Every structure is written in C-alpha cells, then in structure tokens.
Amino acid sequence: MSRFWTEELWRLGLGLLATLVAWVLFGEFFLFATLFLGLYVVRLLLRLRALERWLSGGARRDPPEATGIWGEIFHQIYLLQRRSLKRQRKLTAVVNRFQEATSAMPDAAVVLGSNDEIQWFNDAAGLLLGLNWASDRGQRIDNLVRFPGFIEFLRHHKAGESVLMPSADQGGTLSVRIVPYGNDQQLLIARDVSQQQRLDQMRQDFVANVSHELRTPLTVVSGCAETLIEDCDEHTEGWRRPLTLIQQQSARMLNIIQDLLLLSTLETDRSGPPREPVAVAAMLASITEDARILSGEKGHTIRLEADPELDIYGVESQLHSAFNNLVSNAVRYTPKGGEITLRWYCDEQGAHFEVSDTGPGIPEEHIPRLTERFYRVDVGRSRQSGGTGLGLAIVKHVLSRYRSQLRVESACGHGSTFACDFSPDWVVPAAGEAPQVARGGHTPPVRA
Ligand code: ADP
C-alpha cells in the first residue's frame, strides 16, 4: 500500500478514535459520529470541487494545493497531462513535417475515401489535377477529373497499373497510379511525364527516320550485289564470295530495318486494334506451310491443332507478324528432327495461341529479358539462324494492344512454350451467341 493511502487511513482511524473518546466522555455517539462523517464528506467535496475546476480549465495551470492522497492524485493527473501535451506537440511537429514534405513533392498525391471522395491532397495535386482546397475537398474525384481514360482506370484498375492523361498544367502528360491502403482508402499519385514522353518521342522518331533513310541505299546495295553475282563468269569468279557476303549482310540489315520500322509503327499507333474479325485458323495454316518450307532439311515435325471456328477481333497483319515470329523462332532454334506444335483454342479465360517445341530450352534467368530489343540468349546462334533480335519485342508490342502479355514456359533441355493469351472480350462470338462472352471448354480439333 502506498504511503499516501496509509496516511489517509491513519487520518480516518484517528477521527474514529476521537469520536469514540467523545462518546465515552460525553455520551451522544450519533452526534459525534455524524459530526465526524460530515466534516470528512465536506473535505472530500472541497477537494472534488478543486479537481473539477482545475480539469475544466484544461489542467494547464499548477494543480490545486492538497496534502495526502488528494495531493498525490492531483500530482499524477498533472504528470499525465504534461506527458500528453508533449506527445501532442511531437505529433503536430510530425504532421507539419509531413505536410511540408508533401508540399515540396513534385508529384501530385490525393487521399481518396471509400467512395472516391477527396479527403486530402498536396499542393502539386492542386496544380497538376486542377483541384481547389476550399471547394473540392469531400467531392468525388471523378466529378472533377473528367478524362474518360482516367474514369475507366479509377473503376477497373489493377495493382501496379497506371494510366496516362492530360495535365491541368500547360497541356503536359500525367502518369497516374492508385495504391490502396488502410481502411478502404486509396492514395492517388500523379507524375508529370511530359519530359520523358518528349524524349521517347524523339528516340522513336530518330529510329524511324534512320531506318527509313537506310532502307533505300541498302536495297540498292543488295540488288547490285545480286546482279553482280548473277553476272559472275570465269574472269570474275573470285568476286563471287565477297559479293555473296555483301548480299547476305545487306539482306540481314534490311530485315532488321523492316523489324525496326514495324516496331516504330506499333509504338506510335495509339488507335488500338480495330474490331475487325480475323480468321486465325486460316492464318495459322498459312504460317504452318511457311514454317515447313523454312524448316527445309531440318525435317521438323510441325503440327497444327486449331479451332477453325475461333476468330478474334484485331489487325490481321500484326497478329500474323506476332504469331509468325514465334513459329519461326521455334523452327530456327529447334535442332534437326525436332517437334513443333501450334495450338489455337479457347477456354473460360479466352483464346490462346501456343507454340511448343522440343528445342534446347531457355535458362530461367534469361526469360524475363527475352522481349527486350536485341536481347539474345546465344548471340552467335541467333545471328547464324538469321535472327534480328527484335522478334519477341514485336510480339510483346502487338500483345500489349490486346492488353495481353507473352507467356514463356521453358527449361534447359526440355523445350519451350511461347503463349499469347487473349481475354474473352477479343473473341468473335459464334453465330447466335451473345457478344463478348467467353466460349468455354473447346477441345482443339487436330489438323495434321
Ligand atoms: P532473334 O531474332 O535473335 O531470334 P527474338 O527476339 O525472336 O530474337 O528472340 C530473342 C531470343 O530468345 C533469341 O535470341 C533466342 O536466344 C531466344 N529464343 C526465342 N525463341 C526461342 C525458342 N523457341 N527456343 C529457344 N530460344 C528461343
């Protein structure tokens, strides 16, 4: 028991003793007992009144004078109050520092509530998104930022995705991301990417212009070399080999230039694939025929398993280019006598094109980088087989227009599977079927 409680109990005990002594000396027990208890209650009430006045004043001044247990109670409350004030000051300093930091941030940050209503935003958000602190707080963000791509993104965004939209500040471009946190809250971050976009545009224009400028001279060099080879006789036979080399290398450069131009077209065309139905099975039949010719002496077994009724919306030339790249890779990298299987089928997840081969496979660490331009697992083998190093980059760009990604499954020595997955939205509904509904469970018929 604390010292103060012992003192208080002593005080009570002494009072009771005095009451007993008075009773023995003067009789009248109830009179003295009532007097003692009355005095005790009055003292208690006076202390409570002092406490109440002190607390209602915010307990900021020194505590009321008191001894014993009451003095201790006042002292403990005073200490608690001091500690809480200190914590409050620290918190205010942290909030101030946070606000200063977010104000200095060049990126816009907006805190959104469960109904996408604006709860807080920093200075940059005011500038880049055109928000006004006085009038826009509490408003839904899609009532203020009306760009259609942004509204669509706000409703259907997935983790890690971002959207580009015009900035409210001098016609720049913003890249917007939304990160969920806490209790149904979201943090919207918008970054000005105008400069980066200008640089990207300059790079794309440069590559497109250089490729375009080189195409004509290279075609001339290649054509001349071919004519000279044809005109070789016994006097100029020594020229045949260097001329053949010139012709082969200029043809290789022309292939690279063609791929670079295709990539540049894919990058600059932002219109999205038109919703023209493409008869994929027929296209794959022609790609398979070309693959058999390319395979030539390597004698691969090339199988096509395609659903003849499964069509998708898109651009035929781009799909042809993507699928053909995957198939020609399989032919070029699969050794003599190997097997290559092309599958085109549909399930609940949408339409799928897969190319599997029994080639050498690809070590795991290379797989994430395969779609980078000029990335090759084995540079020598790629050049020797006539590769430009741009095939999978083209596939990636074509697929991005269908909001799809290239799926690669491969293991060293166990062949590879390259797959393109198209969501059900791209599947052309069969006659009598509701539009944009996935057709499930098709088993691909075999077409040797
Ligand atoms: P390339 O013109 O060099 O083939 P790609 O972009 O088409 O360029 O392919 C990138 C690299 O991926 C290739 O250099 C090759 O190393 C690897 N690759 C692609 N397809 C296959 C495959 N079917 N089997 C093994 N490796 C492959």
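Residues numbered from 1 in each chain as written. Predicted model: local features only at pLDDT ≥ 70, side-chain atom pairs only at ≥ 80, totals over all residues. Heavy atoms only, no water.

### Concerning the site of the ligand
Okay, so step 1: As a matter of local geometry, the ligand sits amid 20 residues, with Asn329, Tyr333, Ser382, Gly389 and Leu392 nearest to it.
Okay, so step 2: Measuring from a nitrogen atom of the ligand, one finds a side-chain N or O atom of Asp357 at 2.9 Å.
Okay, so step 3: Backbone polar atom of Leu392 to an oxygen atom of the ligand: 2.9 Å apart, as the coordinates give it.
Okay, so step 4: Here the ligand occupies the second largest pocket.
Okay, so step 5: Elements with a contribution of two residues or more to the shell around the ligand: helix H11 (316–333), helix H13 (391–400) and strand E12 (416–422).
Okay, so step 6: Among the elements that line the shell around the ligand, the one with the most residues is H11, at four residues. (Near = heavy atom within 4 Å. Polar contact = N/O pair within 3.5 Å; in protein donor to acceptor, adjacent residues only side chain to side chain. 1 Å grid on protein atoms, 1.4 Å probe; cavity = no way out; pocket = protein on both sides within 12 Å on 5 of 7 lines; lining within 4 Å. Sits in = over half its atoms within 2 Å of the grid points. Helix = DSSP H or I, 4+ residues; strand = E, 2+ residues; numbered from the N terminus.)

### What about the sheet that holds strand E1 (residues 108–112)?
Okay, so step 1: Read across the open sheet, the five strands follow the order E2-E1-E5-E4-E3; overall the sheet is antiparallel. For this open sheet the edge positions go to strand E2 (118–121) and strand E3 (162–166), each flanked by a neighbour on one side alone. Along the sheet, successive strands turn relative to each other by an average axial angle of 25°, direction set aside.
Okay, so step 2: By the bridge criterion, five bridges tie E1 to strand E5 (residues 185–192) in an arrangement that is antiparallel. Of the residues in E5, the one forming a bridge with Val111 is Leu187.
Okay, so step 3: Its contacts with the sheet place helix H7 (residues 148–156) against E1, E3, strand E4 (173–181) and E5, and it is angled at close to 15° to E4. (Pairing = 2+ DSSP bridges. Axes fitted to C-alpha atoms, helices over the stretch in contact; angles between N-to-C directions. Contact = heavy atoms within 4.5 Å.)

### Things to note about the environment of Glu226
Okay, so step 1: Looking at the secondary structure, you find Glu226 in helix H8 (residues 194–230).
Okay, so step 2: Here the alpha-carbon distance between Glu226 and Gln248, two residues 22 residues apart in the chain, equals 9.5 Å.

### Considering the packing of aromatic side chains
Okay, so step 1: Following the criterion strictly, the structure yields 15 aromatic pairs and no others.
Okay, so step 2: Taking the centre distance of 6.4 Å and the plane angle of 35° together, the rings of Trp54 and Tyr78 count as tilted. Taken together, the residues span a long stretch of sequence, with Trp54 in helix H2 (residues 29–56) and Tyr78 in helix H3 (residues 68–104) at a distance of 24 residues. Judged on exposure class, the residue Trp54 and its partner Tyr78 are both buried.
Okay, so step 3: Within the aromatic cluster, the residues linked to one another by ring pairs are Phe323, Trp344, Phe353, Tyr402, Phe422 and Trp426. (Phe/Tyr/Trp six-rings, centres within 6.5 Å; stacked < 30°, edge-to-face > 60°. Buried < 20%, exposed > 50% of the residue type's maximum accessible area, 1.4 Å probe, protein only.)

### What about unusual backbone geometry?
Okay, so step 1: One non-glycine residue, Glu28, lies in the positive phi region at around 55°.
Okay, so step 2: Inspection of the secondary structure assignment puts Glu28 in the loop between helix H1 (3–26) and H2.
Okay, so step 3: The exposed category is assigned to Glu28, whose relative accessible area is 53%.

### Quick word on the pairing of E12
Okay, so step 1: For E12, the tally of buried residues reaches six of seven residues, placing the bulk of the element in the interior.
Okay, so step 2: From the end of strand E11 (residues 406–410) to the start of E12, which pair antiparallel, there are five residues, and Gly413 there has a positive phi angle of about 80°.

### Quick look at the sheet that holds strand E7 (residues 301–306)
Adjacent strands of a sheet form backbone hydrogen bonds with each other and so pair up, either parallel or antiparallel.
Okay, so step 1: Taken in spatial order, the five strands of this open sheet run E7-E9-E10-E12-E11, and their pairing is mixed. With partners counted over all chains shown, the strands left at the sheet margins are E7 and E11, one partner each. Direction aside, the axes of adjacent strands within the sheet are offset by 15° on average.
Okay, so step 2: As judged from the six bridges shared by E7 and strand E9 (residues 339–347), these two strands associate in the parallel manner. Each residue of the ladder has a partner; that of Arg303, found in E9, is Thr341.
Okay, so step 3: Contacts between helix H10 (residues 280–295) and the sheet are confined to E7, E9 and strand E10 (350–357), with E7 contributing the most and set at about 180° to the helix.
Okay, so step 4: Contacting E7, E9, E10, E11 and E12, H11 runs over the sheet at an angle of about 25° to E10.

### Some words on the side chain of Ser321
Okay, so step 1: Counting through the fold element by element, Ser321 comes out in helix H11.
Okay, so step 2: Aside from chain neighbours lying at most four places away, what touches Ser321 is Leu262 and Ile394.

### A few points about H2
Okay, so step 1: The terminal C-alpha atoms of H2, which comprises 28 residues, lie 40 Å apart, in line with the 40 Å expected from a rise of 1.5 Å per residue.
Okay, so step 2: Regarding H2, the residues found buried are Ala33, Phe36, Arg43, Arg47, Leu51 and Trp54.
Okay, so step 3: In this structure, the buried side of H2 is in contact with H1 and H3. (Expected span 1.5 Å × (residues − 1).)

### What about the pairing of E11?
Okay, so step 1: Only one face of E11 is covered, namely the face carrying Leu406, Val408 and Ser410; the face carrying Arg407 and Glu409 is uncovered.
Okay, so step 2: Where E11 and E12 come together, five bridges link them in antiparallel fashion. The residue bridging Glu409 from the neighbouring strand is Thr417, located in E12.

### Describing a negative patch on the surface
Okay, so step 1: A cluster of acidic side chains, namely Glu226, Glu230, Asp231, Asp233 and Glu234, defines a negative patch on the protein surface.
Okay, so step 2: The partly exposed category is assigned to Glu226, whose relative accessible area is 39%. (Patch = residues over 30% accessible without salt bridge, like charges linked within 9 Å, V, L, I, M, F, W, Y side chains within 5 Å. Areas by Shrake-Rupley, 256 points an atom, 1.4 Å probe, with all protein chains shown as cover. Salt bridge = Lys/Arg side-chain N within 4 Å of Asp/Glu carboxyl O. Lys, Arg positive; Asp, Glu negative; His and termini not counted. Charge placed at Lys NZ, Arg CZ, Asp CG, Glu CD.)

### Let's talk about the pattern of salt bridges
Okay, so step 1: Tallying each qualifying case throughout the model produces 17 salt bridges.
Okay, so step 2: In this structure, the salt-bridge partner of Arg3 is Glu7, at a minimum N-O distance of 3.7 Å. One end of the pair, Arg3, and the other, Glu7, are both in helix H1, four residues apart, so they sit about a helical turn from each other.
Okay, so step 3: A single salt-bridge network, built from bridges that share partners, covers Glu305, Arg343, Glu354, Arg407, Glu409 and Asp421.

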